[in-house]
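Coordinate analysis (summary)
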Amino acid sequence: MRSGDVARLLAAWASSTAALIVTGALVPGLSATSWWAYAAVAAVAGVVGLGLRPVLVEVSARVGWLAVLVIVLAGQALIMYVAIRTVPGIESSPWTALVATWVSAFVGTLISWATTAGTDDGLVTSLTRRATRRSEEVLDPDVDGVLFVQLDGVPFPVLQWAVQSGAVPHIRRWLASGEYEARPWTAQLPCTTPASQLGILHGTVDRVPAFRWYDRELGRVLVANKPADARVIEQRASTGRGLLYDGGVSISNLFSGDAPRCLMTMSRVELKRGTTQTRRAFGWFLTSPSGFVRSFPRTLAEVVKERWQSRRQVKRDLDPRVHRGWDFAVLRAITNALLRDLNTALVAEEMRRGTRSIYVDYVDYDEIAHHAGLFRPESLAALDGLDRTLRDLARLAAVAPRRYRIVVLSDHGQSQGAVFADRYGETLADVCAGLMDEHVQSVDEAVEGLGRVDSMVGDIGTAGLSGTIATRAGAELGKAQRTPTTGETGEEPVVVLGSGNLGLVYLREPRRRTLEELDLAWPSLVPGLARHPGVGFVAGLDVTGTPWAVGEEGRHNLATGEVFGVDPLAPYGDHAARVLARAVLLAEAPDLYVNSVLDPVTHDVAAFEGLVGSHGGLGGWQDQGVLLAPADLMAGLPVSIEGADQLHRVLVGMLEASGHRTAESAQ
C-alpha cells in the first residue's frame, strides 16, 4: 500500500470517528464509554463494509430496484449495527443505528466538505481505487478509447467567457497548454436536445421538428423524453451504424447511438426489466461511503440552496425571472448532485472495463439555466461543477486499461428573456384561439428535465413485483401522453405547442395545410401572428411546396432567398434562412412555425414555455454549441459545422483517427 493510500485511509477513519462522536451527541440512544469506542466502531464498520457491500451490491443487481431501496434505507444501518454490536463500550438499538447512520453520513459529508473545500475527491478516490483493484485487460490496448462528454445546453459564448474569467480552471488549463482546442458549432433548427442528440448519435436530424410535436402518422403528441416516444424516434432514424455501434456504451442520453449497451438511456429503458450491470454499478454507488451516503446530503443541501437562491432573485427583483417552486428544487437537486455523481460512477466503471467509446450527458447547467438564467450565479456554479467533473474524469482515465481521449461538446446553447405569457399577458395558444375563433389545445409545460429521472428509475427496474409496478406506471404514463384525435373528442381541432421560443401550430389532421389554405379558412391567423409584438416571424409552405418566412412588413422566400419588403429574418443572422428552410421542409413540421421576437439591444427572446433560459428557435446564443477536443483530433475540421448531422460526421472522423471502425473503413 502506498503512503498516499495510508494517508487517505487514516483521514477517512478520523472523519468517520468525528462524525460518530457528533452523532452520539445528537442522537438519543447512541452512547459510548469513550471516544476510542467510536473510533473502534468506525474501523470495524469499514472492515465489515468491505465484506458485506459486495454481497449487497450483487443482491441488488439480481433482484432489482426494491432491493436497491432496501439497501438505501437499511444497508448502511446494518453495517453500522454489526460494528456497534462487535465493539464493547458502545450501545445502540437497530432503529437508533438507522438514524445514526444517516446523521453520521450527513455530518461526515460536512466534515469532508470543510476539509476538501467542497471537492469531489472522496468519490473520485474511491472510484480510482476500485478501478486500480479491478481493472480489466482489453484485447486491443493500442486502440484509444474516446469519451464523449455532453455538457447539456452550454452556449459557446458562455464557456468562452468562463474560460477568460478563470471560472472553469481545468478547461482553461487544457486550452492554455495547447493540448485542447475549442470552437463553436451551429445547431440546426430546432436547437433542442432531441434533434441534436439524434443528429450527433445517429447522423440525422430528420423527423424531429421540436422537443415535442403532433405526429400526424400516429395521431398524437410525441414527447422526446418519454421512453415509448424516444423509442419511436430512434427506430425511425437508426441505421444500425450510429456513433457508438462499434463497441460503445450510451449513458444517461435520450438515444442510444446504436450502442450494444445502454445505461439510463431513454430509448432503451425497459419498464419490465433493467440491466444487471446498471443495477450492480448503482448498488455499489449506493453502498459506498463515497457514493450515495455522500451524495444524498449534498442533494438535500442543493434543495435548500435552490430555495434560498430563488427567493434572493425575488428580493433583488431580477429581470427576467420565472417562478421556481419546490418541484424544480427537487429536480435540480437530483440532476446537480445525485445524477452527476451516478453518471461519473458509471463512466468510471466503463473505463475500468476498457469500453472503446462512451457518450454521457450531464444536464446540470441546462436545467438550472432554464429557470435561473444563463449568467446567474447558480448557473455558473453548475458550470464550475462540470469543469471539476471533467478534471475527475481525466483522473479516472489515467488509471484505465487503455488511453482515453476526452471530447467535450454541448448539444445546443441557450437564450434568455421574459416568458411570452408574462410579457404580453396571454399565451401563444390564447393568441391563436382569438385569431382563429377555435378551440385550441395548449401544450407548453416545461418537462425536459423530468425525463432524466424517469430514465434512471426505469433502467434500474426489473421483473417481479417491482417490474409489475413499473409496467403499470408505464401504462398510465402512456395513457396520459396520448393526445385524443378529433374523432374521439370532437373538440380542440388545433394543437399549439411551445418548444423554447419556437411555437408550433398544428391542425389535428393527417395532412399539412398550406399558407393559402390557412388564409382561406382563418384569414386573420398568419397576418395576426406576424403583427403580434412578441412574434418575430411565422413560417410555412405555400401551395407549390415553397417554404416562406412571413413578418409584419415583409416575406422571405426560403427556397430562392428573395425578400419582399422588410426581411423578417434579418435580426437572426446569416444562417437563419438556411436552417429555417430545412426545418420547414420536414414532413413532420407543423402547419405553422412561430418564432418569438428578438430584442436588438438585450438579445432577449420570449419563450412560449415557462422558462427564462430557453432553446428551440432562432435568436441569441441558443444555437451556439461547444466542441472542445484534443488538438490533434481538431485538425482538419470544416471551417464551420452547421447541424448535428454534420457534427456526427466530425465525431466519427475522431473515432477513426483514434483507431476505431477499421473494419468498416476497409470496406
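The written sequence of each chain sets the order in which its residues are numbered from 1. Note on the predicted model: pLDDT of at least 70 is required for a residue's local features to be given, and 80 or more for side-chain atom pairs to be given and counted; whole-chain, interface and lining totals, by contrast, use all residues. Side-chain descriptors were evaluated using all non-hydrogen atoms of the structure, hydrogens and water having been removed beforehand.

Helical segments are the DSSP runs of H or I of at least four residues, strand segments are the runs of E of at least two, and each set is numbered from the N terminus. Looking at the secondary structure, you find H615 in the loop between β20 (613–614) and β21 (624–630). Owing to a relative accessible area of 5%, H615 belongs among the buried residues under this scheme. Polar contacts involving the side chain of H615 include one to the side chain of H370, which spans 3.3 Å. Here a polar contact is recorded for every N or O atom pair within 3.5 Å, except that within protein the pair must consist of a potential hydrogen donor and a potential acceptor, and residues adjacent in sequence are included only if both atoms are side-chain atoms. A distance of 3.5 Å separates the side chain of H615 from the side chain of H412, its partner in a polar contact. Think of it in three bands: residues with accessible area under 20% of the maximum for their type are buried, residues over 50% are exposed, and the middle band is partly exposed, with areas taken using a 1.4 Å probe on protein chains only.

With that out of the way, let us pick up a nonpolar patch on the surface. A residue counts toward a patch only above 30% relative accessible area and without a salt bridge, and it is joined to like-charged neighbours within 9 Å or, for Val, Leu, Ile, Met, Phe, Trp and Tyr, to nonpolar neighbours within 5 Å. Accessible surface area values rest on a Shrake-Rupley calculation with a 1.4 Å probe, where residue burial reflects the displayed protein chains alone. Within this document, salt bridges are pairs made up of a side-chain nitrogen of Lys or Arg and a carboxyl oxygen of Asp or Glu, the two lying within 4 Å of each other. There is a patch of nonpolar side chains on the surface, built from I21, W35 and W36 and spanning about 360 Å² of accessible area. Position of W36 relative to the elements: it lies in helix α2 (residues 35–63). You can call W36 exposed: its relative accessible area is 55%.

Before going further, it helps to examine helix α16 (residues 428–436). The complete set of buried residues in α16 reads L428, A429, V431, C432 and M436. All buried residues of α16 project into a common sector of 160° when viewed along the axis, lining one side. Throughout, a contact is declared for two residues whenever any of their heavy atoms are within 4.5 Å. Where the residues of α16 are buried, they touch α15 (420–424), β12 (440–443), β13 (494–499), β14 (502–507), α21 (525–531) and β19 (592–596). One or two positions beyond α16, positive phi appears at D437, with a value near 55°. Picture the helix axis, draw a direction to every C-beta atom, and the arc is the one those directions span.

The next subject is unusual backbone geometry. Omega for the peptide link from L189 to P190 comes to 5°, which places this bond in the cis form. Residue placement: P190 occurs in the loop between β4 (180–186) and α8 (193–202). In this structure, the amide linkage connecting D319 to the following residue, P320, adopts the cis form with an omega of 0°. Considering the arrangement of structural elements, one finds P320 in the loop between α11 (292–316) and α12 (326–353). Phi is positive for R207, which is not a glycine, with a value near 70°. Within the element layout of this structure, R207 appears in the loop between α8 and β5 (212–215). A positive phi angle is found at D437, which is not glycine, with a value near 55°. Here D437 is to be found in the loop between α16 and β12.

So, about the pattern of salt bridges. Applying the stated criterion across every chain yields a total of 27 salt bridges. A salt bridge links R405 to D144; the shortest N-O distance between them is 3.9 Å. With R405 in strand β10 (residues 404–409) and D144 in the loop between α5 (121–134) and β3 (145–151), this residue pair connects regions lying 261 residues apart in the sequence. When its relative accessible area of 12% is taken as the criterion, D144 is described as buried. With a shortest N-O distance of 2.6 Å, D364 and R340 are connected by a salt bridge. Separated by 24 residues along the polypeptide, D364 in helix α13 (residues 364–372) and R340 in helix α12 bring together distant segments of the chain. Counted as one network, the salt bridges with shared partners bring together R207, D215, E217, R236 and E588.

This part is about the sheet that holds strand β7 (residues 248–251). Only strands joined by at least two bridges in the DSSP assignment are considered to pair. Strand order across the open sheet formed by seven strands is β4-β21-β10-β3-β9-β7-β8, with mixed pairing between neighbours. This sheet does not close on itself; its edge strands, each paired only once, are β4 and β8 (261–263). With direction set aside, neighbouring strand axes in the sheet form an average angle of 15°. Pairing of β10 with β21 involves two bridges; the strand directions are antiparallel. Residue pairing for β21: L409 is matched across the bridge by L627. Every axis corresponds to a line fitted to the C-alpha atoms, with the helix fit spanning only the stretch in contact, and the corresponding angles, defined between N-to-C directions, vary from 0 to 180 degrees.

Here we take up the packing of aromatic side chains. Any two rings among Phe, Tyr and Trp, with Trp reduced to its six-membered ring, count as a pair given centres within 6.5 Å; such a pair is stacked if its planes are under 30 degrees apart, edge-to-face if over 60, and tilted if neither. For the coordinates displayed, the defined rule picks out nine aromatic pairs. Look at F420 and F608: their rings are 5.0 Å apart centre to centre, the planes differ by 55°, and that puts the pair in the tilted class. A residue pair is termed long-range when its members are at least 10 positions apart, and F420 in helix α15 and F608 in the loop between β19 and β20 qualify at 188 residues. The class of F420 is buried, set by a relative accessible area of 1%. For F608, a relative accessible area of 7% corresponds to the buried category. Pairing W548 with F564 gives two aromatic rings, centres 6.0 Å apart and planes at 35°, and the pair type is tilted. Taken together, the positions of W548 in strand β16 (residues 547–550) and F564 in strand β18 (residues 563–565) put the pair 16 residues apart, joining distant regions of the chain.

Let us now look at the sheet that holds strand β17 (residues 554–557). The sheet built from eight strands is open, its strands ordered β12-β13-β14-β19-β15-β16-β17-β18 with mixed pairing. Looking at strand neighbours, the two that pair on one side only are β12 and β18, the edges of this open sheet. Between one strand axis and the next, the sheet turns through 20° on average, direction left out of account. Both β17 and β18 contribute to a ladder of three bridges, which runs antiparallel. Note that in β18 the partner of R555 across the bridge is F564.

Only buried Ala, Val, Leu, Ile, Met, Phe, Trp, Tyr and Cys residues count toward a nonpolar core, and they belong to the same one when joined by side-chain atoms within 4.5 Å. One finds L243, L627, L651 and M654 to be the most contacted residues of the largest nonpolar core, which totals 73 residues. Sequence-distant contacts of L651, defined by excluding residues within four places in its chain, comprise F148, I200, L243, V407, L409 and L627. The next biggest cluster of nonpolar side chains, apart from the first, holds 44 residues, and it includes A348, M351, L393 and A397.

How two helices pack is summed up by the angle between their axes together with the distance between the axes. It is at 8 Å that the axes of α13 and helix α14 (residues 377–397) come closest, and there the two elements cross at 175°. Comparing their axes, α14 and α13 come out roughly antiparallel. Contact residues: α13 offers D364, Y365, I368, A369 and A372, while α14 offers E378, S379, A382, L383 and L386. Following the grouping adopted for this structure description, the nonpolar residues are Ala, Val, Leu, Ile, Met, Phe, Trp, Tyr, Cys and Pro, the charged ones are Asp, Glu, Lys and Arg, and the polar ones are all others, Gly among them. Taken together, the residues that form the contact of α13 with α14 break down as seven nonpolar, one polar and two charged. Convention used here: angles under 35 degrees read as roughly parallel, angles over 145 as roughly antiparallel, angles from 65 to 115 as roughly perpendicular, and any remaining angle as oblique.

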